[in-house]
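Letter by letter, the chains look like this.
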Amino acid sequence: MAEGEAQDVLAQVLIANDGEVIGRLRLSAAEAARVCNVTPRQLIYWTKKGLVKPSTNDDHDYDVFAMEKVIRIRQALEKGYSLEKAAQVVARDLAGLQSEVKRLEAMANEDLEDELRRRLEKLEERIAMLRRSLPASLSLARLRHAAAELARLEELGTLQAAGATGEGAKALVLRLGRAVDELEMLLREVQPAAV
């Protein structure tokens, strides 16, 4: 996908008010790097490799489109991709966005409204599922904290001083830890099925 096409896609996806303010935004390499959570050295290296292009008006300024690409590359790198593979993944994602924008633009207004309504319903279902799983996640976090606190108390000998035998306290800590692990595993198995 050509760089200009990628900018058009991002403009349609990211920018409100016809892109007036954001379209004019330009940051230096140091400022753009800070915004994108990369080092200036990384940004300059990626620019030299042709993975990111500075704004068309100046070789030293980066526009919102370049910064979005930098952020996407950084996120792909954090997932374990090599730099070249990350750039390919980002290019593929942007091409997918472009085709989705074209598909939505070609829809009749009624069809587009139905499509957006279906997407909204799916998002609402996902939010409801996350809300249902939140109490379980919080309970697991509390159990994990309790197990860590018991382990700390057992290590300090506080449980023995309170009348619990050392082996009994250690066994209790281990059993509680295993129970928490099992609950976390069950929660992970159930959540993807609900998505």
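The coordinates are above.
Residues numbered from 1 in each chain as written. Predicted model: local features only at pLDDT ≥ 70, side-chain atom pairs only at ≥ 80, totals over all residues. Heavy atoms only, no water.

A. Expanded view of the overall build of the protein. Helix and strand counts for the protein stand at 9 helices and 2 strands. Ordered by position from N to C terminus, the α and β elements of the protein give α-α-β-α-α-β-α-α-α-α-α. When burial is assessed residue by residue, the protein has 28% of its 195 residues classed as buried. A total accessible area of about 13,200 Å² is found for the protein, and carbon and sulfur atoms account for 55% of it. (Helix = DSSP H or I, 4+ residues; strand = E, 2+ residues; numbered from the N terminus. Buried < 20%, exposed > 50% of the residue type's maximum accessible area, 1.4 Å probe, protein only. Areas by Shrake-Rupley, 256 points an atom, 1.4 Å probe, with all protein chains shown as cover.)

B. Highlighting the pattern of salt bridges. Here the structure, examined in full by the defined rule, presents 11 salt bridges. Note that Arg103 and Glu100 form a salt bridge whose closest N and O atoms lie 3.1 Å from each other. Residue Arg103 and its partner Glu100 are both found in helix 6 (residues 83-106); the two are separated by 3 residues, about one turn of the helix. With relative accessibility at 35%, the residue Arg103 sits in the partly exposed group. One salt bridge connects Glu113 with Arg117, and the closest N-O pair in it is separated by 2.8 Å. Of this pair, Glu113 and Arg117 are both found in helix 7 (residues 109-156), 4 residues apart, which corresponds to roughly one turn of the helix. The class for Arg117 is partly exposed, based on a relative accessible area of 40%. One network of salt bridges, with partners in common, ties together Glu100, Arg103, Glu115, Arg118 and Arg119. (Salt bridge = Lys/Arg side-chain N within 4 Å of Asp/Glu carboxyl O.)

C. Spatial organisation of unusual backbone geometry. One non-glycine residue, Asn37, adopts positive backbone phi at about 60 degrees. The residue Asn37 is located in the loop between helix 3 (29-36) and helix 4 (40-48) in this model. Classification of Asn37 by relative accessible area gives exposed; the value is 56%.

Shape is all these values report; function is a separate question.
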